[in-house]
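# Structural overview
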Amino acid sequence: MNAPMTPFAKPWIANPDGYRVPYEVFTDQVYYDQEQEHIFRGETWSFVGLDAELPNNGDFKSTAIGDTPVIVTRDQNGQLHVFKNLCMHRGALLVRESRGNAKSFDCVYHQWSFDLTGVLRGVPMRRGVRGEGGMPPAFDMANFGLDALRVEVMNGLIFASFSKTVEPLADYLGEGIVANIQRIFNRPIRIMGDYRQYIHGNWKLYAENVRDPYHGSLLHLFHSTFGLYRATQKGFTYMDPSNRHSLLKATASAAPTSASEDQEVYKDVRSYNTEFHLKDASILVGRPEFDDRASLVINAIFPNLLIQQIANCLAVRQSVTHASNAFEIVWTLFGYADDDEEMQMIRMKQSNLVGPAGLISMEDGEAIEIVQDAVIRDGKKTSVLAMGGVHSGSVDHMITEGPIIGFWENYARYLNLGADLKK
Amino acid sequence: MSQTITAAHSAAIDALHTAYLAALDKGDMAAWASTFAADNARYFCISAENDHRGLPLALMYDDCRGRIDDRVSFVTKVWVGTYEPYRTRHFIQRLSCEAAGNNQYRLTSGFTIMMSAEGGTTAVLTSGEYRDLIEIQGDGDKFRAVFRERRAVYDADVLPRYIVFPF
Ligand code: FES
Ligand SMILES: [Fe+2]
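First, a word on scope: everything that follows refers to the structure included in this document. All values derive from a computational prediction rather than experimental measurement.

This part is about the overall build of chain A. Scanning chain A from terminus to terminus reveals eleven helices and 20 strands. Relative to the 2.2 N^0.38 estimate, which gives 22 Å for 423 residues, the radius of gyration of chain A is 23 Å and therefore close to what a compact globule would have. Projected onto its principal axes, the C-alpha coordinates of chain A cover approximately 90 × 55 × 35 Å. Split into buried and exposed, the 423 residues of chain A put 58% on the buried side. By sequence separation, contacts in chain A at least 24 residues apart represent 66% of the contacts at least 6 residues apart. In the form shown here, chain A has an accessible surface area of approximately 17400 Å², with 52% of it arising from carbon and sulfur atoms. Across chain A, the mean location of the 40 positive side-chain charges is 4 Å away from that of the 51 negative side-chain charges.

Right, let's talk about the side chain of Asp-212 of chain A for a bit. All names here are of chain A. Inspection of the secondary structure puts Asp-212 in the loop between helix H5 (203–209) and helix H6 (216–219). It turns out Asp-212 is buried and unbridged, and the closest side chain with the opposite charge, Arg-211, is 11 Å from it. In this structure Asp-212 touches Leu-248, Thr-400 and Ile-404, once residues within four positions along its chain are discounted.

To continue, consider helix H10 (residues 362–375) of chain A. Among the residues of H10 of chain A, those classed as buried are Met-362, Glu-363, Asp-364, Gly-365, Glu-366, Ile-368, Glu-369, Gln-372 and Val-375 of chain A. Looking at the buried residues of H10 of chain A, the elements they touch are helix H1 (24–27), strand S13 (189–199), H5, H6, helix H7 (221–226) and strand S19 (326–336) of chain A.

What follows is about the packing of aromatic side chains. For any two aromatic rings, the description comes down to two numbers: the centre-to-centre distance and the angle of the planes. The final tally for this structure, using the stated rule, is 30 aromatic pairs over all chains. Centre to centre, the rings of Trp-203 of chain A and Phe-407 of chain A are 6.0 Å apart; their planes meet at 75 degrees, and the pair counts as edge-to-face. Highlighted residues: Trp-203 of chain A in helix H5 and Phe-407 of chain A in helix H11 (residues 402–414), separated in sequence by 204 residues. With respect to class, Trp-203 of chain A is no different from Phe-407 of chain A; both count as buried. Taking 5.5 Å as the distance between ring centres and 70 degrees as the angle between the ring planes, the aromatic pair formed by Phe-222 of chain A and Phe-74 of chain B counts as edge-to-face. Pair noted here: Phe-222 of chain A is in helix H7 and Phe-74 of chain B is in helix H4 (residues 65–78), and the two residues belong to different chains. Accessibility expressed as a relative area gives 1% for Phe-222 of chain A, which makes it buried. Put simply, the rings of Phe-26, Phe-40, Trp-203, Phe-302, Phe-407, Trp-408, Tyr-411 and Tyr-414 of chain A touch in pairs and so form one group of aromatic residues. The residue whose ring lies beneath Arg-150 of chain B is Tyr-130 of chain B, and the NZ or CZ to ring-centre distance is 3.5 Å. Above the plane of the ring of Tyr-162 of chain B lies Arg-161 of chain B, whose end atom (NZ or CZ) is 4.3 Å from the centre.

Moving on: the sheet that holds strand S18 (residues 313–323) of chain A. Residues and elements named next belong to chain A. Pairing in this open sheet of seven strands is antiparallel, and the strands run S13-S19-S18-S17-S16-S15-S14 from one edge to the other. In the strand order of this sheet, the two ends are held by S13 and strand S14 (235–239), each with one partner. If you compare each strand with its neighbour and ignore which way they point, the axes differ by 15 degrees on average. In the sheet, strand S16 (residues 294–301) pairs with strand S17 (residues 305–310) via six bridges, with the strands oriented antiparallel. Paired with Ala-300 across the strands is Leu-306, a residue of S17.

Here we take up the coordination of the iron ion (ligand 2). Residues and elements named next belong to chain A. Note on the iron ion (ligand 2): its protein donors are His-215 (NE2), His-220 (NE2), Asp-364 (OD) and Asp-364 (OD). The metal-donor distances range over 2.1 to 2.4 Å. Geometry at the iron ion (ligand 2) is irregular, judged from its four donor atoms and the angles of 57 to 149 degrees they form at the metal. For the iron ion (ligand 2), the single-chain donor residues occur in sequence as H-x4-H-x143-D. You can call His-215 buried: its relative accessible area is 16%.

Since one α-helical turn is 3.6 residues long, residues separated by three or four positions face the same way. Extensive coverage of helix H4 (residues 175–184) of chain A is indicated by the burial of seven of its ten residues. Taken together, the buried positions of H4 of chain A are occupied by Gly-176, Ile-177, Val-178, Asn-180, Ile-181, Arg-183 and Ile-184 of chain A.

Right, let's get into the interface of chain B and chain A. On the side of chain A, 38 residues touch chain B, which itself brings 36 residues to the contact. Summed over both sides, the interface between chain B and chain A buries roughly 3200 Å², with carbon and sulfur atoms accounting for 60% of that surface. Joining chain B to chain A, the criterion identifies five salt bridges. A salt bridge links Arg-53 of chain B to Asp-194 of chain A, with the nearest nitrogen and oxygen atoms 3.3 Å apart. Those elements giving two or more residues to the side of chain B that touches chain A turn out to be helix H3 (48–53), strand S2 (60–62) and H4 of chain B. In terms of residues, the side of chain B that touches chain A owes the most to one element, H4 of chain B, which gives nine residues.

Working note: regular strand, side chains alternate between the two faces of the sheet. Residues and elements named next belong to chain B. Where strand S3 (residues 86–101) meets strand S4 (residues 104–117), 14 bridges bridge the pair, whose relative direction is antiparallel. Bridge pairing links Ser-96 to Thr-108 in S4. Linkage of S3 to S4, two consecutive antiparallel strands, is achieved through a turn of two residues, within which Asn-102 is found at a positive phi near 50 degrees.

Our focus in this paragraph is the side chain of Ser-392 of chain A. Residue and element names in this part refer to chain A. Among the secondary structure elements, Ser-392 is positioned in the loop between strand S20 (382–385) and H11. One polar contact links Ser-392 to Asn-243, side chain to side chain, over a distance of 3.0 Å. Polar side-chain contacts of Ser-392 include one of 2.9 Å to the side chain of Glu-409. Beyond its immediate chain neighbours, meaning those up to four positions away, Ser-392 contacts Met-239, Asn-243, Gly-402, Ile-405, Gly-406 and Glu-409.

Attention now moves to the sheet that holds strand S9 (residues 113–115) of chain A. Sheet strands pair via backbone hydrogen bonds, and the direction of the pair is either parallel or antiparallel. Residue and element names in this part refer to chain A. What the three strands build is an open sheet, ordered S8-S9-S10; its pairing is antiparallel. Where the open sheet ends on each side, the last strands, each with one partner, are strand S8 (104–106) and strand S10 (120–122). Neighbour-to-neighbour, the strand axes of this sheet turn through a mean angle of 35 degrees, independent of strand direction. Bridge count between S9 and S10: two bridges; the pairing is antiparallel. Opposite Phe-114, over in S10, you have Leu-120 as the bridge partner.

Quick notes on the rules
Residues numbered from 1 in each chain as written. Chains lettered and ligands numbered in written order. Predicted model: local features only at pLDDT ≥ 70, side-chain atom pairs only at ≥ 80, totals over all residues. Heavy atoms only, no water. Helix = DSSP H or I, 4+ residues; strand = E, 2+ residues; numbered from the N terminus. Rg over C-alpha atoms; globule rule 2.2 N^0.38 Å. Buried < 20%, exposed > 50% of the residue type's maximum accessible area, 1.4 Å probe, protein only. Contact = heavy atoms within 4.5 Å. Areas by Shrake-Rupley, 256 points an atom, 1.4 Å probe, with all protein chains shown as cover. Lys, Arg positive; Asp, Glu negative; His and termini not counted. Charge placed at Lys NZ, Arg CZ, Asp CG, Glu CD. Salt bridge = Lys/Arg side-chain N within 4 Å of Asp/Glu carboxyl O. Phe/Tyr/Trp six-rings, centres within 6.5 Å; stacked < 30°, edge-to-face > 60°. Lys NZ or Arg CZ within 6 Å of the ring centre and 35° of its normal. Pairing = 2+ DSSP bridges. Axes fitted to C-alpha atoms, helices over the stretch in contact; angles between N-to-C directions. Donors = N, O, S within 2.8 Å, 3.2 Å for Na, K, Ca; no water. Tetrahedral: all angles 85-135°; square planar, octahedral: opposite > 155°, others 65-115°. Buried area = accessible area lost by both parts, 1.4 Å probe. Polar contact = N/O pair within 3.5 Å; in protein donor to acceptor, adjacent residues only side chain to side chain.

Structure (structure tokens):
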């Protein structure tokens, strides 16, 4: 609480040979507390769910922004609300179920009852019992509604903010990111289900991971082995003007320009094997469904969302923080409401690609944990971000760490780290 | 229907369960795959949360025999070196068994999986329920039980780590 800002005084270094981030950002509680205040409860929009998860009036889900528990609910008029999941009496967690349908939210402790718009409607024993006790005349129920967050819904994605002053969502995201949301959420979706995975590492290691197109074909050998994504593939790395968000996009053909080029690029890669064949190759047989024919789109939205399109595997991934060394990923996979049966089957098969046991995502969990475990005693040492030149911003290739630099520039800005981190 | 199982079939089913657990506890993926019917079999690993919500999404969705074999290759070939080795101990108890005709039985069993990471302590990975369609193949005194379908419905809302081996 109110930790001194001195730990932030040291400058982060952006030299021509690399942008350096001190490892203590992943381990030190001071950073964690400041992030909760200045990022998750600060001037940002956080993803909290899909409106397709709450189809009916009265539907609710509980989730968290950073580590602050919130309730997302659709009131009796169909309006979406997001509240802090905190009883206004003495602070009990108001909703304990992860999902449900309710007419009101009733606190179990003393049964204060809130309607779905957050208004306090009932206080048992408010007038006392047999003329004794009761709330004082000055107690006005109108002053004890739930803490409501700002809410904006874009193409069915629900975002919430604790800030009264943050720019409107569309401005926060920028045109290019809004265009990708419109591209993927172009019609009603059908939810396939969730995965939830606990990762024993800092949430920012995942923020780096999803802004890192360079690791794709190196860590995830399924990619290069089966040609879902290769570094020889054409693609681009887009960043919004603020460099908070990124869009990594690979175009359809993963075929190498020539076999010899492929061999050259991957000559140092362990167990890369173009000879390996699947017994059931139907997992790789998709159906083009976007005009741009992109096979891989990884759209990281600051601070807690990732939107993915990997072939026909569509998902949102929400990060929920638990501690400086623990966070959770909630994946929601979806298709479209008008998918035919074959398309539903394609998406089911391709769901094997992602999630806690995903063929191209299992390793991300491991990569994060081995970094966390190793840097714990080396807080003053730094990583080095240099691939693709030491700069953020859009480039017309994917062999870059630029989006990660963009993340850190913004991180430093939100936490007011003080150093001029731009080159 | 539950009374219709013979002692010999029941023993074959027990042997199948034992073979399955022994395979996974040894990390022997080929032996795991060989507990499934050779021609046509399915393996699904799904969260209780999705199952309760009536949603199809599975952690592992192997809807044909070929994908069960491919999962062996993913673990033993593609993923080699990328995951932290861990060992498991599976424990099960049978909850119900019903004859389903054609030498087939529907079974449910509770399971617990303990996990020991290399250099670490032992912890519960998850518990859950197996929902099986088991077939007795062969006749006379030479028969064995195989899975036509195994559906592992795991209880953990949040998995404690990434997952390499099937449940
Ligand atoms: S804490 Fe909720 S009613 Fe008392
Ligand atoms: Fe990855």
